[in-house]
Amino acid sequence: MQVIGLVGLPGSGKSEAAAVAAEQDVPVVTMGDVIRQACRDRGLDPATDHGEVAKALREENGPGAIAERSLPIIEDALEDSDTVVVDGIRSDVEVDRFEDAFGDAFTLVSVEAPFETRAERLDLRGRDASADEGGESLEARDQRELDFGMGRAMDGADVTVENTRSLEAFRARIREVLAGGDP
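Described in the following lines is the structure provided in the data block. All residue numbers refer to positions counted from 1 along the written sequence of the respective chain. It should be noted that, the model being predicted, local features are given only for residues of pLDDT at least 70 and side-chain atom pairs only at 80 or more, the latter also being counted only at that level, while totals for whole chains, interfaces and linings use all residues. In computing side-chain values, all of the structure's heavy atoms are included and hydrogens and water are not.

## Considerations on the nonpolar core
- To define a nonpolar core, start from buried Ala, Val, Leu, Ile, Met, Phe, Trp, Tyr and Cys residues and group those joined through side-chain atoms within 4.5 Å. Using a 1.4 Å probe on the protein chains alone, a residue whose accessible area is under 20% of its type maximum counts as buried, one over 50% counts as exposed, and one in between counts as partly exposed. Judged by nonpolar contacts, the single largest core of 32 residues is most densely connected at Ile74, Ile89, Phe98, Phe102, Phe106 and Leu108.
- Strands here are runs of E lasting at least two residues and helices are runs of H or I lasting at least four, both read from the DSSP assignment and numbered beginning at the N terminus. Secondary structure elements with two or more residues in this core: β1 (2–7), α2 (31–41), α3 (46–61), α4 (65–78), β3 (83–89), α5 (92–102), β4 (106–112) and α8 (150–155).
- Ranked by residues supplied to this core, first place goes to α4 with six residues.
- Setting aside its immediate chain neighbours within four residues, Leu108 contacts Gly5, Val7, Ile89, Val95, Ala153, Ala157, Asp158 and Val159.
- Membership of the second largest hydrophobic core comes to 16 residues, among which are Ala18, Val159, Phe170 and Ile174. What makes two residues a contact is simply this: any of their non-hydrogen atoms within 4.5 Å.

## Focus on the pairing of β4
- A large share of β4 lies buried, amounting to six of its seven residues.
- When DSSP locates at least two bridges between a pair of strands, those strands are taken to pair. For β1 and β4, the ladder comprises five bridges, and the chain directions are parallel. Bridge pairing links Gly5 to Leu108 in β4.
- Sheet topology note: the β4/strand β5 (residues 159–162) ladder contains four bridges and is parallel. Counterpart to Val111 in the pairing with β5 is Val161.

## Things to note about unusual backbone geometry
- Non-glycine residue Asp25 carries a positive phi angle of around 60°.
- Its location among the elements puts Asp25 in the loop between α1 (14–23) and β2 (28–30).

## Describing α3
- Taking 1.5 Å as the rise per residue, α3 with 16 residues should run 22 Å; its terminal C-alpha atoms sit only 19 Å apart, a clear shortfall.
- Along α3, the sharpest kink reaches roughly 35°, centred on Glu52.
- For α3, the complete set of buried residues consists of Pro46, His50, Gly51, Val53, Ala54, Ala56, Leu57 and Arg58.
- Summarising the contacts, the buried residues of α3 are in contact with α2, α4, α5 and α7 (138–148).
- Residues adjacent in sequence count toward polar contacts only when both atoms are side-chain atoms; beyond that, a polar contact is any pair of N or O atoms within 3.5 Å, and within protein one must be able to donate a hydrogen and the other to accept it. Sitting at the head of α3, Asp45 places a side-chain oxygen 3.0 Å from the backbone nitrogen of Ala47. Multiply 1.5 Å by the residue count of a helix minus one, and that product is the helix's expected span. In this analysis the local bend is the angle between axes fitted, respectively, to the seven residues ending at and the seven residues starting at the residue.

## Notes on the pairing of β3
- Most of β3 sits inside the fold, with seven of its seven residues counted as buried.
- Pairing of β1 with β3, which is carried by six bridges, proceeds in the parallel orientation. Opposite Val3, over in β3, you have Val84 as the bridge partner.
- Here β2 runs beside β3; their pairing, made up of three bridges, is parallel. Residue pairing in the sheet places Val28 in a bridge with Val85 of β3.

## Focus on the side chain of Ser91
- Within the secondary structure, Ser91 is located in the loop between β3 and α5.
- The exposure class assigned to Ser91 is buried, which follows from its relative accessible area of 1%.
- Within the structure, the side chain of Ser91 is placed 3.4 Å from the backbone nitrogen of Val93, a separation counted as a polar contact.
- Ignoring anything within four residues of it in the chain, the contact list for Ser91 reads Pro63, Phe148, Gly149, Met150 and Ala153.

## Points about helix α6 (residues 115–124)
- Listing the buried residues of α6 in full gives Arg118, Ala119 and Leu122. Down the axis of α6, the sector holding all buried residues measures 100°, keeping them to one side. Those residues of α6 that are exposed and angled more than 90 degrees off the buried face are Glu116, Glu120, Asp123 and Leu124.
- Close packing links the buried residues of α6 with α7. This arc is built from the directions going out from the helix axis to the C-beta atoms.

Given below as structure tokens:
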């Protein structure tokens, strides 16, 4: 059994890493899906209320709330697979919760890229990095994520993958990590 958690700031490449896992038939549990479902349960739009609902869930149920809601989904996926990827870890508290649940079978991978690179990627994806149209700026998103404890989680990662080279080089590095290769 192996549970690989992905942590990283917006636009760093977490979704691309998850896509590589999915291509290799590794189940991917996306913690953001838990938040999007909570938005729908509250009658809110996940596209506009995601950040606020994530914050509210943590205020209502503690800083590990999203991890707690993700655990049963991860455990279900482990019934049919030796490896599961968890996309979207946001804090050191969530990391602690997964380490408590999975022990040495849990590996945290920090996906990192410079701000300018991330802003360009988000722009290409049609995500507003500057908040010109009233959305949340990348700087504000980064700060919200860091306020959750993401910086501490990234600092404590077992493996750091710098996503600054070509897409294929990044994908190859993620395949190495998934195969349990040298971190």
